[in-house]
Amino acid sequence: MNSIDNGSPDDIKAFQLLSEVSDDQPVSQRELAKRLGIALGLVNSYIKNFVAKGYIRIKNYPHNRYAYLLTPHGIAEKGRLAYQHVHYFTSLYTVTRQDYLQLFRQLAERGISRVAFCGVDEVAEIAWLSLRESGLELVEVMDDRNIGSDFMGRQIVSLNRGLLSVNHWIVITSMKRSGQLKAYLRERGVSDEMILGIGSDAMTQSDASAVETPEKRTE
């Protein structure tokens, strides 16, 4: 399948952190870690690096709160990363959309019409667009981190609940957690042939030709 013109995850996190501190409001590193979904130690490492490079200045406030002030160098770096950020996600959307569409069309050619999604993030939304174009039916959306939330008109369920319906194929739809989700499914007895995805988890053309539909397996 296609390859993405990789944007560095470190650069993306750096851009997000510079964006969070650009309003000059006092904030703790713990708050920044929570907003960005990363470890407190990693935030501390980024801040130290930004100070060393002259991207930010620190103003102390009471109760371990600080205002991180962007310097002219910091503003320039944020602008550079913003361009790279947009370019990366534009490439990610284009390639991911085509890769999922290719996967779903391969399934349709094999007579498979129903799939479940496992993992919900921005990649899952791209997968859903490709699914609609291919004509396949989405029967379940599973993600332990988003139980009860809405995804394209469907309520997200836990992986354990989703696995109660075994007569459908499971498509990994989170790029960040693909390995973790696939390992979880394997631990609960889901066979590798029933777990599909793109990238490192992609189903190749030869894999597709070997796939049997549920109807064939019951013959």
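Computed from a predicted structure; not experimentally measured.

### A few points about the overall build of the protein chain
Turning to step 1, where the next piece is worked out: When helices and strands are counted, the protein chain shows 9 helices and 8 strands.
Turning to step 2, where the next piece is worked out: Residue burial in the protein chain is summarised as follows: out of 219 residues, 45% are buried.
Turning to step 3, where the next piece is worked out: The contacts of the protein chain with a sequence gap of at least 6 include a subset with a gap of at least 24, amounting to 61%.
Turning to step 4, where the next piece is worked out: Surface exposure of the protein chain reaches about 12,000 Å², of which carbon and sulfur atoms provide 49%.

### Considering the packing of helix 4 (residues 72–109) against helix 5 (residues 122–134)
Turning to step 1, where the next piece is worked out: Between helix 4 and helix 5, whose axes approach to 8 Å, the crossing angle comes to 45°. The orientation of helix 4 relative to helix 5 falls into the category oblique. Between helix 4 and helix 5 lies a crossing whose hand is right-handed. Taken together, the residues of helix 5 that come into contact with helix 4 (itself represented by Phe89, Tyr93, Thr96, Arg97, Tyr100, Leu101, Phe104 and Arg105) are Glu122, Val123, Ile126, Ala127, Leu129, Ser130, Leu131, Glu133 and Ser134.
Turning to step 2, where the next piece is worked out: Taken together, the residues of the contact of helix 4 with helix 5 sort by class into 10 nonpolar, 3 polar and 4 charged.

### Side note on unusual backbone geometry
Turning to step 1, where the next piece is worked out: At methionine 152, a position not held by glycine, the phi torsion is positive, near 50°.
Turning to step 2, where the next piece is worked out: Examined against the element boundaries, methionine 152 turns out to sit in the loop between strand 5 (150–151) and strand 6 (154–155).

### What to know about the nonpolar core
Most often, soluble globular proteins keep nonpolar side chains buried together rather than apart.
Turning to step 1, where the next piece is worked out: Core analysis: the largest hydrophobic core is formed by 37 residues, its most contacted members being Phe104, Phe117, Phe151 and Leu185.
Turning to step 2, where the next piece is worked out: Elements represented by at least two residues in this core include exactly helix 4, strand 3 (114–118), helix 5, strand 4 (137–142), strand 7 (169–172), helix 7 (178–187) and strand 8 (195–196).
Turning to step 3, where the next piece is worked out: With 5 residues, the single largest contributor to this core is helix 5.
Turning to step 4, where the next piece is worked out: Excluding residues that lie within four positions of it along the chain, phenylalanine 104 makes contacts with Phe117, Ala127, Ser130, Leu131, Ser134, Leu136 and Val171.
Turning to step 5, where the next piece is worked out: In terms of nonpolar packing, the next biggest core, distinct from the first, is built from 19 residues, Leu17, Leu36, Tyr68 and Leu81 among them.

### Regarding the sheet that holds strand 8
Turning to step 1, where the next piece is worked out: Here we have 4 strands laid out as an open sheet, ordered 4-3-7-8, and parallel in their pairing. Of all the strands in the sheet, the pair left with one neighbour each is strand 4 and strand 8.
Turning to step 2, where the next piece is worked out: Sheet topology note: the strand 3/strand 7 ladder contains 4 bridges and is parallel. Within the sheet, the bridge partner assigned to phenylalanine 117 lies in strand 7 and is valine 171.
Turning to step 3, where the next piece is worked out: Across the sheet, helix 5 lies against strand 3 and strand 4, angled at about 170° from strand 3, the strand it touches most.
Turning to step 4, where the next piece is worked out: Its contacts with the sheet place helix 7 against strand 3, strand 7 and strand 8, and it is angled at close to 155° to strand 7.

### A look at the pairing of strand 3
Turning to step 1, where the next piece is worked out: When you tally the buried positions in strand 3, you get 4 out of 5 residues, the bulk of the element.
Turning to step 2, where the next piece is worked out: Sheet analysis places strand 3 next to strand 4, joined by 5 bridges and oriented parallel. In the sheet register, arginine 114 faces strand 4, and the bridge partner there is glutamate 137.
Turning to step 3, where the next piece is worked out: Each parallel crossover has a hand, and for strand 3 linked through helix 5 to strand 4 it is right-handed.

### Some remarks on the environment of isoleucine 156
Turning to step 1, where the next piece is worked out: Mapped onto the fold, isoleucine 156 is located in the loop between strand 6 and helix 6 (159–162).
Turning to step 2, where the next piece is worked out: What makes isoleucine 156 buried here is its relative accessible area of 3%.
Turning to step 3, where the next piece is worked out: Separated by 36 residues in sequence, isoleucine 156 and valine 120 place their C-alpha atoms 8.6 Å apart.
Turning to step 4, where the next piece is worked out: If sequence neighbours within four positions are ignored, isoleucine 156 has contacts with Val120, Val141, Met142, Asp143, Asn146, Ile147, Gly148, Ser149, Asp150 and Phe151.

### Thoughts on the pattern of salt bridges
Turning to step 1, where the next piece is worked out: Inspection of the entire model under this criterion finds 7 salt bridges.
Turning to step 2, where the next piece is worked out: With a shortest N-O distance of 3.3 Å, glutamate 137 and arginine 114 are connected by a salt bridge. One end of the pair, glutamate 137, is in strand 4; the other, arginine 114, is in strand 3, with 23 residues separating them in the sequence.
Turning to step 3, where the next piece is worked out: The class of glutamate 137 is partly exposed, set by a relative accessible area of 38%.
Turning to step 4, where the next piece is worked out: Between glutamate 187 and arginine 188 there is a salt bridge; the shortest N-O distance is 3.3 Å.

What counts, and where the lines are drawn
- Residues numbered from 1 in each chain as written.
- Predicted model: local features only at pLDDT ≥ 70, side-chain atom pairs only at ≥ 80, totals over all residues.
- Heavy atoms only, no water.
- Helix = DSSP H or I, 4+ residues; strand = E, 2+ residues; numbered from the N terminus.
- Buried < 20%, exposed > 50% of the residue type's maximum accessible area, 1.4 Å probe, protein only.
- Contact = heavy atoms within 4.5 Å.
- Areas by Shrake-Rupley, 256 points an atom, 1.4 Å probe, with all protein chains shown as cover.
- Axes fitted to C-alpha atoms, helices over the stretch in contact; angles between N-to-C directions.
- Parallel < 35°, antiparallel > 145°, perpendicular 65-115°, else oblique.
- Left-handed = near helix turned anticlockwise from the far one by under 90°.
- Nonpolar A, V, L, I, M, F, W, Y, C, P; charged D, E, K, R; others polar.
- Core = buried A, V, L, I, M, F, W, Y, C linked by side-chain atoms within 4.5 Å.
- Pairing = 2+ DSSP bridges.
- Right-handed = clockwise from strand over helix to strand, strands pointing away.
- Salt bridge = Lys/Arg side-chain N within 4 Å of Asp/Glu carboxyl O.

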